[in-house]
Amino acid sequence: MAEITYLEAIREALVEEMARDENVFCMGEDIGAYGGAFKVTEGLLDRFGERRVIDTPISEAGFVGAAAGAAHMGMRPVVELQFIDFISCAYDMLTNYVATARYRAFLPCPMVVRGPSGGYVRGGPFHSQNPEAAFLHTPGLKIVYPATAEDAKGLMKAAIRDEDCVLFFEHKYLYRRIKGVMPGGDHVVPIGKARTAREGTDLSIITYAATVHKALEAAERLQAEDGLSVEVIDLRSLLPMDDDAIVATVRKTHRVLIVHEDTRTGGIAGEITARINERCFEWLDAPVLRVTAHDVPLPYAPALEDFVLPQVSDIVTVARHLARY
Amino acid sequence: MDAPVDLSASLAAGVGGRRPTPVGLPVQGNYAARLTRAQKLELYRWMRLTRSLEERLVALYRQTKVVGGLFRSLGQEADACGSAYALERRDIMSPLIRNLGSMLVKGATPTEILKQYMAKGDSPTRGRELNIHFGDLDRGFVGQISHLGDMVPVMAGVALSFKLRGEDRVVLVYVGDGATSTGAFHEGINFAAVQKVPLVCIVENNGYAYSTPTEKQTAARAYVDKAPGYGIPGVVADGNDVLATYEVTRAAVDRARAGGGPTLIELVTYRRKGHAEHDNQSYVPDGEIEWWAANNDPIDRYIRWLGQHEHVTADEFAALDADVLAQIDRATDEAEASGFPEPVDCLDGIYADPPALAPHWYRDGVRSAVERNERPASWGTHDG
């Protein structure tokens, strides 16, 4: 089987699910004839027609709300946000309407809200965001953020089949840089299960999305230069989070570094740290440390963006500190 | 239909700055005229049930048996009941807080309403949501949320599903005058218009959004004037004339069903009670509420009309009213007899999978987190 990119893997999942289930349809801005800003939906219009590949007005709250209404009636909408930064325009709809529908009204809301996320691409403050933590706090939503092409496809298929709303964050830095060979058959990756990206015994790096690849690069250097055996856990799903995988790696290495690209304060690393405290504090040999973005809007200039975002060298530095602790 | 009511003298006398009710506006089609006498009496019964049920809720509220706020639709029963009466059972609507009447017409029962307000465990939302915030797709209504305007995009999506599947069904969404100022209203109507989905949107203009009057809500001459901006038809009707509200809604519903796309309807009415029971309406000009109660009560008007045109007798009205009260009495007994929800019921159904959450460990009443966490053998020795 040939390798395909992370982006092509997402498209492959969309095509397979639309072919499998006629209730699946796509909505978003410029996703039809243009194929989407990043061409994720390229070719879908030709194959499935404009009833199932719907170009919308610029109205994130409008079409996210419409997706919810269609989902109540048994449809399975997949909504593209042109950049995930614009998910804030639909924050009310997602947190107040969609997330509560099952609980307060027993209305199913099976829908996927997907979009290009993340930085390292000189996108500036409004085309680089990682807003996952803003939704982690909302019961009723699910959040996935794949790091590999295989997971991008398998999680998309799981998200479309899920009975609840899944926020599907796609890292645009990985779109064309990461490739994989898709497993054969109906490749579905279950939501809520982490993946061990690298086995190790001296310390654990818990991360997700683009920083999985930064962590793996750092782990190589730490092995080569320091003889450290570093385990890398790729969470893949943030809500629900795989607590068992987190506990298992803490009990194995006793030292934990959490890495995420999002800003620090109120970020997901804080939540993971609290869970470690509650569930396996007794197994720690050192405080849980974090490598994150600085708490600033993401600036445009390369020198500024590189300074704000976590780099491989940051992970190496903090991991060495943690190993010595 | 009704003889036009001349409001000019009253307005000149200073009963608020409300635009006169557009009584006697020409309406297209002849739907109301085709209603049978029995159907016209049924409309009366829905309006009476709405008002009497709310009066019962006031009594229960004063006994603190209604545990949250109480929202009245006094004076607006015609617009709610008449418009919902234009729907088929298979059609779906989303009511607003003053559309108790619409929900009753669409099949919600007084028992359900009472249990909702009293937060009972076997209420439609099992004590999770308040008042008339509940739905049932089988009977064709979707529960609203408090974020005004949000139901417009959602219901546009319900209508989109009908269009995509070629289903012969129509969607009706109610908003108040205040919700027309929201972004969600704009995005939803625009989406529906572009997609030409079978959606009818009713703006219930009752003069006030909480305390905010029309002139502070919009600079438009009328809410219906927003329709041309979306490229859809707009129609305004007297919201206190139940047959007029039925007429205009039915025409819009039929148009939507035939593939004609959305219509914006403004029903002009008046909110005689406060936003909720706690609201003393200090912001309302003197005499305004009293004028509407005396001169433009939708039930009084309809009683007169039915007497003149259908020769409905006082005895017939008395029998209908007694039947309504008996129904409410039975519903009250049933609602009062049912219990409150089990506390742990709050933890299920956030997701389909997992089906329920576990309570926090300190609510478990079993062991503390410290006791139940496994520890390495060296724990606490500090011998490193």
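Just so we're clear, the structure is a prediction, and the values are computed from it rather than from any experiment.

Asks: Looking at this structure, I do not really get the overall build of chain B. What am I missing?
Replies: Counting its secondary structure elements, chain B contains 15 helices and seven strands. Looking at chain B as a whole, 47% of its 384 residues are labelled buried. Counting only contacts in chain B whose residues sit at least 6 apart along the sequence, the fraction spanning at least 24 positions is 75%.

Asks: Help me understand the domain arrangement of chain A in this model?
Replies: Interface size is commonly expressed as the accessible area that is lost once the parts come together. All names here are of chain A. By the assigned domains, chain A splits into domain 1 (3-181) and domain 2 (195-324). With centres defined by C-alpha atoms, the gap from domain 1 to domain 2 works out at 26 Å. Contacts between the two partners involve 24 residues from domain 1, matched on the other side by 23 residues from domain 2. For the side of domain 1 that touches domain 2, the secondary structure elements donating two or more residues are α5 (132-136), β6 (142-144), α6 (149-161) and β7 (166-171). Looking at the side of domain 1 that touches domain 2 residue by residue, the classes come out as 14 nonpolar, six polar and four charged.

Asks: I tried to follow the sheet that holds strand β11 (residues 230-234) of chain A on my own but got confused; where do I start?
Replies: Whenever strands of a sheet pair, they do so through backbone hydrogen bonds, lying parallel or antiparallel. All names here are of chain A. Reading across the sheet, the five strands line up as β9-β11-β10-β13-β14 and stay open at both edges, with mixed pairing between neighbours. Taken across any chain shown, the strands that pair with only one partner, and hence form the sheet edges, are β9 (195-198) and β14 (289-293). Across this sheet, the average inter-strand angle for adjacent strands is 25°, counted without regard to direction. Two elements, β9 and β11, share three bridges in a ladder whose sense is antiparallel. Within β11, the residue paired with R198 across the bridge is V232. Packed onto the sheet, helix α7 (residues 210-226) meets β9, β10 (203-207), β11 and β13 (256-263) and runs at close to 170° relative to β11. On the sheet, helix α9 (residues 268-280) packs against β10, β13 and β14 and is oriented at approximately 155° with respect to β13.

Asks: How should helix α6 (residues 151-165) of chain B be read in this particular structure?
Replies: Turn by turn, an α-helix covers 3.6 residues, leaving residues three or four places apart pointing in a common direction. Here α6 of chain B spans 21 Å end to end across 15 residues, near enough to the 21 Å set by a 1.5 Å rise per residue. Phi for G166 of chain B, located one or two positions after α6 of chain B, is positive at around 65°.

Asks: What should I look at first to understand the sheet that holds strand β2 (residues 24-28) of chain A in this one?
Replies: All names here are of chain A. In spatial order, the strands read β3-β2-β4-β5-β7-β6-β12; together these seven strands make up an open sheet with mixed pairing. Both outer strands of the open sheet, β3 (53-55) and β12 (237-239), are each paired with one neighbouring strand and no more. The mean angle between the axes of side-by-side strands here comes to 20°, regardless of whether they run parallel or antiparallel. The sheet contact formed by β2 and β3 spans three bridges and is parallel. The partner of C26 across the bridge, within β3, is V53. Running at roughly 160° to β7, α6 makes contact with β2, β4 (76-80), β5 (112-117), β6 and β7 of the sheet.

Rules and cut-offs
- Residues numbered from 1 in each chain as written.
- Chains lettered and ligands numbered in written order.
- Predicted model: local features only at pLDDT ≥ 70, side-chain atom pairs only at ≥ 80, totals over all residues.
- Helix = DSSP H or I, 4+ residues; strand = E, 2+ residues; numbered from the N terminus.
- Buried ≥ 20, exposed ≤ 12 C-beta atoms within 10 Å, placed from the backbone.
- Contact = placed C-beta atoms within 7 Å.
- Domains from an automatic or database assignment.
- Nonpolar A, V, L, I, M, F, W, Y, C, P; charged D, E, K, R; others polar.
- Pairing = 2+ DSSP bridges.
- Axes fitted to C-alpha atoms, helices over the stretch in contact; angles between N-to-C directions.
- Expected span 1.5 Å × (residues − 1).

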